[in-house]
Amino acid sequence: MKNIKILITILSIVLLSSCSDFLDVKPTNSAASETSITNANDAKVAINGLMRSMVNSNYYSRNFIMYGDAKGGDFAIYAQGRGLDGLYTFNHSQTSGNYGGFWAQMYDCILQVNNLLTNIEKIEAEGLGDAALLEYKGQALTARALIYFDLVRLYGKPYNMDKESYGVPLVLDLVDASEKPTRASVEEVYNQIVSDLAEGANTISKSVKNGFLNYYANKAIEARVKLHMNDFSGALVAAEEVINDKKYTLYANDKWVNSWSTAFGSESIFELGIYENEADLGTSSLGYYLLRLAKIKGASGWFMASDYYLQRLGEDADDIRWGIMDYDETSPTRFGSSLKYVGGPNMNGDKGGKVSATNVKVIRLSEVYLIAAEAAIQQSTPNKMKAATYLNEIRKRSPNIDLATEATVSLKMIIDEKSKELFAEGHRYFDMLRLGWDIEFNDDFIYPNVLIPHREKIIDRTFFKTILPIPQDEIDANPAIGAQQNPGY
């Protein structure tokens with residue numbers, strides 16, 4: 001991704017037009033044109049462009065990460081109007097506050113994937129395929145699986161709640177603008193995700209490629225997906241393959257805090273690069289959104305940890321994860337601000353440059369251990385010893401808390417540990433939804449500064465706003481999808 005500015009220039013010519021350029025005349029899941037990729041070098045350009053598109057502000061660079069914690073109860077806000085507070089307040093409708101950028105950006109990424117796959121298939125049909133093209137094919141399939149997984153969780157009900165309900169349109173080829181794809185079921189989308197992952201795993205490399213997907217990222221995504229499908233045996237198999245192959249290693253306690261000032265560290269299975277002149281959002285970056293008000297110029301104190309999160313972390317004053325927290329604007333002692341996306345407590349970024357140009361660690365090995373722990377305890381015949389063993393590898397980060405045993409380990413213990421470990425990484429909300437657990441918001445923390453008329457203090461997954469509405473712009477471009485709007489909107 002070092003030459004990303006050149007690559008994006010090329011992509012603007014040879015790939016797809018921006019969604020915003022044709023939103024009013026065709027749906028964002030329709031292709032602008034079919035363009036030519038003739039060799040592995042072209043495919044490499046396309047993969048670079050795809051990775052760059054995934055760090056758009058409407059995806060992994062900011063909003064998608066914010067979504068998972070703002071809605072999951074681990075974040076709170078202290079004032080309204082600073083940005084993205086609609087995520088916390090659930091102020092969504094079909095025409096406003098719909099966060100339609102998710103839909104547009106993710107489908108733009110999918111169109112890039114489909115363009116690449118279509119052209120690789122043509123090359124293979126002509127007998128001109130090679131190992132390099134197969135590698136890019138595997139990366140593209142794995143990326144499409146991840147993107148569809150993210151999409152279906154935003155717009156569809158949890159798989160284990162109602163898999164026959166509407167998911168999102170499955171667009172797997174370059175379709176003409178005259179085609180108006182409608183929504184597949186949640187189950188159909190998940191089946192496609194699993195299929196893409198299986199096919200991708202057969203061609204993608206096991207070697208570490210900083211900033212790109214590899215075989216172990218594929219397996220880690222599979223473990224995530226199967227956990228959401230309640231396929232706990234499948235999730236455990238995938239997670240254990242990542243763990244047992246030892247391509248990645250957990251940080252020791254004395255290394256964990258500094259890992260946030262390091263790009264592409266030993267735990268990072270899939271990490272998206274953000275460089276000063278490439279995808280850097282400056283004062284609008286994820287890191288700035290989580291700093292306290294006026295910590296540095298441009299930091300406006302958007303989001304901070306909720307009391308509930310701090311209570312979990314506060315079970316051990318020596319928990320190493322306090323090391324990437326900082327006090328927030330509410331008091332000089334309340335450590336509610338996260339320093340994960342500014343390079344840790346020294347705020348040097350992760351490349352020694354601007355704090356806003358800090359990579360996003362999409363999949364870390366610690367998550368895979370926690371998936372393995374949950375999958376082990378959730379099986380039809382729980383393996384509590386195995387669950388405790390995997391959990392304890394992460395629980396050790398709280399040195400004064402007793403390690404789990406076969407007798408004491410529980411699902412709640414695992415999910416609480418996941419909250420502590422993956423705070424501000426975008427997981428909490430999706431975990432609470434798939435588990436069917438109530439989500440409590442720290443509204444009393446901000447009352448009466450902020451009033452919340454759009455949801456109750458405690459919600460569960462039956463609340464219609466737990467999934468987003470299909471944006472009005474998409475319905476205008478594709479009226480067929482209007483009849484498939486999510487209930488309540």
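Okay, so let's go over this structure.

### Topic: helix α11 (residues 232-244)
For step 1, the next point in the chain: When the terminal C-alpha atoms of α11 are compared, their 18 Å separation across 13 residues agrees well with the 18 Å that a helix rising 1.5 Å per residue should span.
For step 2, the next point in the chain: Of the residues making up α11, those classed as buried are Phe232, Gly234, Ala235, Leu236, Ala238, Ala239, Glu240, Val242 and Ile243.
For step 3, the next point in the chain: Close packing links the buried residues of α11 with α10 (215-228), β4 (268-272), α15 (365-378) and α16 (384-395).
For step 4, the next point in the chain: Positioned one or two residues after α11, Lys246 has a phi angle of 55 degrees, which is positive.

### Some details on the pattern of salt bridges
For step 1, the next point in the chain: Per the counting criterion, the structure on display carries 40 salt bridges.
For step 2, the next point in the chain: Put simply, Arg153 and Asp150 hold a salt bridge, and the shortest N to O gap is 2.6 Å. In this pair, Arg153 and Asp150 both sit in helix α7 (residues 131-155), 3 residues apart, roughly one turn of the helix.
For step 3, the next point in the chain: Judged by relative accessible area, Arg153 falls into the buried class, the value being 10%.
For step 4, the next point in the chain: The partner of Lys226 in a salt bridge is Glu222, with the nearest N and O atoms 2.9 Å apart. With Lys226 and Glu222 both in helix α10 and 4 residues apart, this pair spans about one turn of that helix.
For step 5, the next point in the chain: Here the salt bridges share partners, and the residues they tie into one network are Glu267, Glu315, Asp319, Arg321, Lys340, Arg364, Arg395, Arg397, Glu417, Lys420, Glu421 and Glu425.

### Focus: the packing of helix α6 (residues 100-125) against α7
For step 1, the next point in the chain: As a packed pair, α6 and α7 sit with axes 9 Å apart at the nearest point and diverge in direction by 155 degrees. As the angle between them shows, α6 and α7 are arranged roughly antiparallel. The handedness of the crossing between α6 and α7 comes out as left-handed.
For step 2, the next point in the chain: Looking at side-chain class alone, the contact of α6 with α7 contains 22 nonpolar, 1 polar and 4 charged residues.

The rules behind each value
One numbering rule holds for all chains: residues counted from 1, following each sequence as written. Local features in this predicted model are restricted to residues of pLDDT 70 or higher, and side-chain atom pairs are both shown and tallied only at a pLDDT of 80 or more, whereas totals for entire chains, interfaces and linings draw on every residue. Only hydrogens and water are set aside; all other atoms, that is, all heavy atoms of the structure, feed into the side-chain values. Counting from the N terminus, the helices are DSSP H or I runs at least four residues long and the strands are E runs at least two residues long. A helix's residues, less one, multiplied by 1.5 Å, set its expected span. Think of it in three bands: with a 1.4 Å probe and only protein chains considered, a residue is buried below 20% of the maximum accessible area for its type, exposed above 50%, and partly exposed in between. Here, residues are in contact when the closest pair of their heavy atoms is within 4.5 Å. Here, a salt bridge means any Lys or Arg side-chain nitrogen found within 4 Å of an Asp or Glu carboxyl oxygen. Axis definition: a line fitted to C-alpha atoms, limited for helices to the stretch in contact. Angles are taken between N-to-C directions and run from 0 to 180 degrees. Should an angle lie under 35 degrees it is considered roughly parallel, over 145 roughly antiparallel, and from 65 to 115 roughly perpendicular; all remaining angles are considered oblique. Handedness of a crossing is defined here by the sense of rotation of the near helix relative to the far one, left-handed for an anticlockwise turn of less than a right angle and right-handed for a clockwise turn. By the convention adopted, Pro, Cys, Tyr, Trp, Phe, Met, Ile, Leu, Val and Ala count as nonpolar, Lys, Arg, Asp and Glu as charged, and the other residues, Gly among them, as polar.

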